[in-house]
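Coordinate inspection notes
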Amino acid sequence: MLPGMSFDVSVDLRSIVGTAHVLVEDDLRAGYETDWTGRYSGECLAVVRPASTAETSEVVSYCNANNIAIITQGGNTGLVGGGVPRAAEAGSRLSIVISMSRLAHLGPVDTSTMQVTAGAGVTLAAWRAHARSTGLDAPVDFAARDSATIGGAIATNAGGSRVVRFGTMRQQVLGIEAVLANGQIVGSLSGLPKETVGMHWPSLLAGSEGQQDSGSFHGSTRRSPR
Ligand SMILES: Cc1cc2nc3c(=O)[nH]c(=O)nc-3n(C[C@H](O)[C@H](O)[C@H](O)COP(=O)(O)OP(=O)(O)OC[C@H]3O[C@@H](n4cnc5c(N)ncnc54)[C@H](O)[C@@H]3O)c2cc1C
């Protein structure tokens, strides 16, 4: 238990995602606390690895209720420190890293609509290989493909080496399921090209860079070119 806190954050988070998926030891957290360049690093209470949208929502709700900041992390290849905690400053909020690594589900490719639903933690390389196994391809590709994730690429609205032909990630996402900072689950994975119900969440969230008021993505319906 931390000084000044009447509850044990790691115990509470373990009750949501399981003991093995709340990392509190210094050496286990270290790789998540420093960015790929080594220029940015900080400290978090724990690294939490939810396995579903529901678990993610519970973790985020818990943090919201207890004034704990969250940093969403995909492959940690973003280069500008957005996916790692900040160095502790006097009076700064406690934080956790939510790693998307276990949200790695890839649905079947629908070759007629050229769509696939992928978890936020699916790497671009896995997405590409999956699409290619059906004769299609993934429109966005760049050198960090083996680590960079679908969620991270949407959050940064990455473009990559084929951007002139296919556009950025924003142009590829037909549907999205996301958890807002209060734990609310929003969006739709219906995959309809013309979605008339409510807000267009892909437009709002692509390029949001995981800001605390926009939360985390947990599944998205993606288009693959032939
Ligand atoms: C503004 C920007 C634009 C970029 N554009 C390009 C490009 O065009 N071509 C290129 O080769 N590389 C680009 N990069 C580098 C590229 O973003 C990364 O290599 C990759 O897209 C990031 O994926 P990642 O899974 O490693 O994300 P991370 O590095 O882990 O995270 C990057 C940011 O996205 C947030 N984030 C990650 N996952 C989620 C999620 N599931 N939900 C919500 N937020 C999330 C993080 O909090 C962080 O702010 C860009 C980087 C930035 C910051």
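Residues numbered from 1 in each chain as written. Predicted model: local features only at pLDDT ≥ 70, side-chain atom pairs only at ≥ 80, totals over all residues.

Here we take up the overall build of the chain. Across its full length, the chain carries seven helices and eight strands. The long-range fraction of contacts in the chain, counting pairs at least 24 apart against all pairs at least 6 apart in sequence, stands at 68%. (Helix = DSSP H or I, 4+ residues; strand = E, 2+ residues; numbered from the N terminus. Contact = placed C-beta atoms within 7 Å.)

Of note, Asn67 is a non-glycine position whose phi angle comes to about 60°, a positive value. Counting through the fold element by element, Asn67 comes out in the loop between α3 (53-65) and β3 (69-73). C-beta crowding within 10 Å serves as the criterion here: with 8 such atoms nearby, Asn67 is assigned to the exposed category. The phi angle at Asn76 is positive, at roughly 60°, despite the residue not being glycine. Secondary-structure assignment places Asn76 in the loop between β3 and β4 (95-99). Overall, the presence of 23 C-beta atoms within 10 Å leaves Asn76 in the buried class. (Buried ≥ 20, exposed ≤ 12 C-beta atoms within 10 Å, placed from the backbone.)

Attention now moves to the nonpolar core. In this structure, Leu13, Ala46, Val48, Val59, Ile96, Ala153 and Ile154 are the most contacted members of the largest nonpolar core, which totals 52 residues. Per element, the largest residue contribution to this core is five residues, and it comes from strand β6 (residues 173-179). Here this core spans two domains, since at least three of its residues come from each of domain 1 (9-99) and domain 2 (115-223). Setting aside its immediate chain neighbours within four residues, Ala153 contacts Leu124, Val140, Ala148, Ala158 and Met169. (Core = buried A, V, L, I, M, F, W, Y, C linked by C-beta atoms within 7 Å. Domains from an automatic or database assignment.)

Turning next to the sheet that holds strand β1 (residues 22-23). Overall, mixed pairing links the four strands, which are arranged β1-β2-β4-β3 in an open sheet. Only two strands of the sheet have a single partner each, and these edge strands are β1 and β3. Against the sheet, α3 makes contact with β2 (46-48), β3 and β4, and its axis sits at roughly 170° relative to β4, the strand it touches most. (Pairing = 2+ DSSP bridges. Axes fitted to C-alpha atoms, helices over the stretch in contact; angles between N-to-C directions.)

The next point concerns the packing of helix α1 (residues 9-17) against α3. At their nearest, the axes of α1 and α3 sit 9 Å apart, and the two run at 160° to each other. In terms of axis orientation, α1 runs roughly antiparallel to α3. Every pair of crossing elements has a handedness; the one defined by α1 and α3 is right-handed. Listed contacts from α3 to Asp12, Leu13, Ile16 and Val17 of α1 are Glu55, Glu58, Val59 and Tyr62. Of the residues that constitute the contact of α1 with α3, the class distribution is five nonpolar, no polar and three charged. (Parallel < 35°, antiparallel > 145°, perpendicular 65-115°, else oblique. Left-handed = near helix turned anticlockwise from the far one by under 90°. Nonpolar A, V, L, I, M, F, W, Y, C, P; charged D, E, K, R; others polar.)

Let's shift gears to α3. The end-to-end C-alpha distance of α3, which contains 13 residues, comes to 18 Å, matching closely the 18 Å that a straight helix rising 1.5 Å per residue would cover. Within the sequence span of α3, burial applies to Thr53, Glu55, Thr56, Ser57, Val59, Val60, Tyr62 and Cys63. (Expected span 1.5 Å × (residues − 1).)

Moving on: the confidence of the model for the chain. Per-residue confidence for the chain gives a mean pLDDT of 90, with 88% of residues at or over 70. Per-element averaging of pLDDT across the chain places strand β8 (residues 216-223) at the bottom with 61 and helix α4 (residues 124-132) at the top with 98. (pLDDT = per-residue confidence, 0-100.)

Most of β4 is tucked away: four of the five residues are buried. As judged from the three bridges shared by β2 and β4, these two strands associate in the parallel manner. Each residue of the ladder has a partner; that of Val48, found in β4, is Ile98. Bridging between β3 and β4 involves five bridges; their strand directions are parallel. Among the inter-strand pairings, Ala69 is bridged to a residue of β4, identified as Ser95.

Another point: the pairing of β6. The element β6 is largely enclosed, with a buried count of seven among its seven residues. Taken together, the four bridges between β6 and strand β7 (residues 185-188) define a ladder with antiparallel strand orientation. Bridge pairing in β7 places Glu177 opposite Gly187.

This next bit is on the environment of Ser188. Its location among the elements puts Ser188 in strand β7. Since 18 C-beta atoms lie within 10 Å of it, Ser188 is described here as partly exposed. Each residue touching Ser188, except ones within four places of it in the same chain, is listed here: Gly175, Glu195 and Val197.

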